[in-house]
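Fold and contact review
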Amino acid sequence: MLASRDAQVVVVGAGPAGLVLGNLLRAAGVTCVIVERQSRAHVERRARAGFLAPHSVRVLEENGLAAGLRARGERHDTCAFRGEHGQFELNYGALGHRQPLTVYPQQDLVADLITAFLDRGGEIRFDTAVTGLHGIDTDRPSVDCAGPDGTAYRLSGAYLAGCDGRHGVARRALPAVAAREYRRYHGVTWLAILAQAPPSMAAVTYAVHDRGFAGHMARSSTVTRYYLQVPRGEDPEEWGERRIWDELAVRMRTAQYEPLHEGPILERTTVDLSSEVREPLQHGRLFLAGDAAALISPSAAKGANLAIMAADTLARALVDALVRDDPRGLARYSRDCLPRLWHAQEFSHWMINLLHSPAGDDDEAVFQRALQRARLTSLRDLRSHQDYFAENYVGI
Ligand code: RFL
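What counts and how
Residues numbered from 1 in each chain as written. Predicted model: local features only at pLDDT ≥ 70, side-chain atom pairs only at ≥ 80, totals over all residues. Heavy atoms only, no water. Helix = DSSP H or I, 4+ residues; strand = E, 2+ residues; numbered from the N terminus. Rg over C-alpha atoms; globule rule 2.2 N^0.38 Å. Buried < 20%, exposed > 50% of the residue type's maximum accessible area, 1.4 Å probe, protein only. Contact = heavy atoms within 4.5 Å. Areas by Shrake-Rupley, 256 points an atom, 1.4 Å probe, with all protein chains shown as cover. Lys, Arg positive; Asp, Glu negative; His and termini not counted. Charge placed at Lys NZ, Arg CZ, Asp CG, Glu CD. Axes fitted to C-alpha atoms, helices over the stretch in contact; angles between N-to-C directions. Parallel < 35°, antiparallel > 145°, perpendicular 65-115°, else oblique. Nonpolar A, V, L, I, M, F, W, Y, C, P; charged D, E, K, R; others polar. Domains from an automatic or database assignment. Buried area = accessible area lost by both parts, 1.4 Å probe. Pairing = 2+ DSSP bridges.

Focus on the overall build of the protein
When helices and strands are tallied, the protein shows 11 helices and 19 strands. The C-alpha radius of gyration computed for the protein amounts to 22 Å, which stays within 12% of the reference 21 Å derived for 396 residues, consistent with globular compactness. The proportion of buried residues among the 396 residues of the protein is 56%. Contacts spanning at least 24 positions in sequence make up 71% of the contacts within the protein whose residues lie at least 6 apart. Carbon and sulfur atoms form 48% of the exposed surface of the protein, whose accessible area is close to 16,700 Å². Each charge class in the protein can be summarised by its mean position, and for the 46 positive and 48 negative side chains these summaries are 3 Å apart.

Okay, structure coming up:
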């Protein structure tokens, strides 16, 4: 084990949470090292989210991190719901908070944030896995690192930020007696598909069908994300290109509406729609942000936005503690973040119930489908429901 090398804050993970945090810390002159298991090329190509809420855009703008999304991001203000009773559109940009969403691929945002962080004098150790955390109850916590050339060393800081996502090591370092973890699988699994094809429709489209949910979301003028509800445990390799496009066409009812713009499938992966929340999000000198703190199903496109919200909140608190000797923000970090995390969980749960119902002809399935139809009808016809949807769809 080599000697410790010190920074004021050691951040585990170079996703949206870790990189926003690192950039805000560097802007305030705080020294910061980010340790990332993957290579730079890998994280700059990892396609995931695409929709940024106005709050996220504001955080990025206020901190000089929005040049890329301003130049190449697209504003969306409408989504559509399609089902057996036709299609309706919701112009959420004219409802609720009257704000649009910005579509900007997560990997492009990550690439922008890496460049900005390095320009601000930050250090990122790519290809380096954190294998353990130590001393989080002390004033010199540290992480064990396994570098690309097989070297093992320990990095210490005044604070540790666990931004290492859903499968990371940081959250496991919270003592079980000090933290409670809530986990729930919502009974729905999606095949997440990335296609090298222009969007087929102007708006995000949610299709409700007896065969299961299908979704369409633009990512750029040449790449589109689709979702297909599939049984849990499905092997993505069972879904060849023809099968994917044929199933999307059925559920998207292309016989009634426009055909899909087909193209090569770049990625297919299954996502179990699940929630995980840890309470509190901190212990000693370890603070969790992003998916490491709380995992949310992608049904409401909130994950990356919650990661940015938490990183912003944590950055302010760390700067207050390190630069102004004021630890109050750190003490209330969990209390500041958790209500917003639970609010987003509630909306994503509502979206899951709006978009899915069980298959089959038994009484329970028929009843659930009738409820789902009623929900969609309320959303189509009632201004109060539309305002609820719009406020939560774009809000954090
Ligand atoms: P990330 O992005 O997973 O980054 C964590 C980083 O930590 C690294 N890491 C480690 N590094 C060092 N040592 C270790 N031991 C490490 N273990 C892990 C990882 O390599 C990685 O680089 O977490 P972060 O920063 O919290 O950001 C969260 C978001 O990435 C996530 O919530 C969103 O992508 C979720 N999500 C969406 N969110 C939205 O807001 N809008 C969307 O439209 C949206 N669509 C999606 C999504 C997630 C998806 N998947 C893949 C689950 C669509 C999909 C298909």
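Read on, since the account is not over.
Overview of the packing of helix α9 (residues 333-355) against helix α10 (residues 363-381)
The relative placement of two packed helices is expressed as an angle between their axes plus a distance between the axes. Interhelical geometry of α9 versus α10 gives an angle of 110 degrees and a closest axis separation of 8 Å. As summarised for this structure, α9 and α10 are arranged roughly perpendicular, according to the angle between their axes. For the pair α9 and α10, contact is made by Trp 350, Asn 353, Leu 354 and Leu 355 and by Gln 372, Arg 375, Leu 376 and Leu 379, respectively. When its residues are assigned to classes, the contact of α9 with α10 shows 5 nonpolar, 2 polar and 1 charged.

Looking at the domain arrangement of the protein
Put simply, an interface is often sized by how much accessible area is lost when its parts join up. As assigned here, the protein comprises domain 1 (7-76 + 106-183 + 274-348) and domain 2 (186-273 + 360-394). For domain 1 and domain 2, the distance between their C-alpha centres works out to 30 Å. Between domain 1 and domain 2, the residue contacts involve 17 residues of the former and 19 residues of the latter. Taking both partners together, domain 1 and domain 2 bury about 1,500 Å²; carbon and sulfur atoms supply 55% of that area.

Observations regarding the sheet that holds strand β3 (residues 51-52)
With respect to topology, 3 strands assemble into an open sheet ordered β3-β7-β4, the strand pairing being antiparallel. Two strands bound the open sheet, and with one partner strand each, they are β3 and β4 (74-76). As judged from the 3 bridges shared by β4 and strand β7 (residues 101-103), these two strands associate in the antiparallel manner. Directly across from Glu 74, in β7, lies its bridge partner Val 103.

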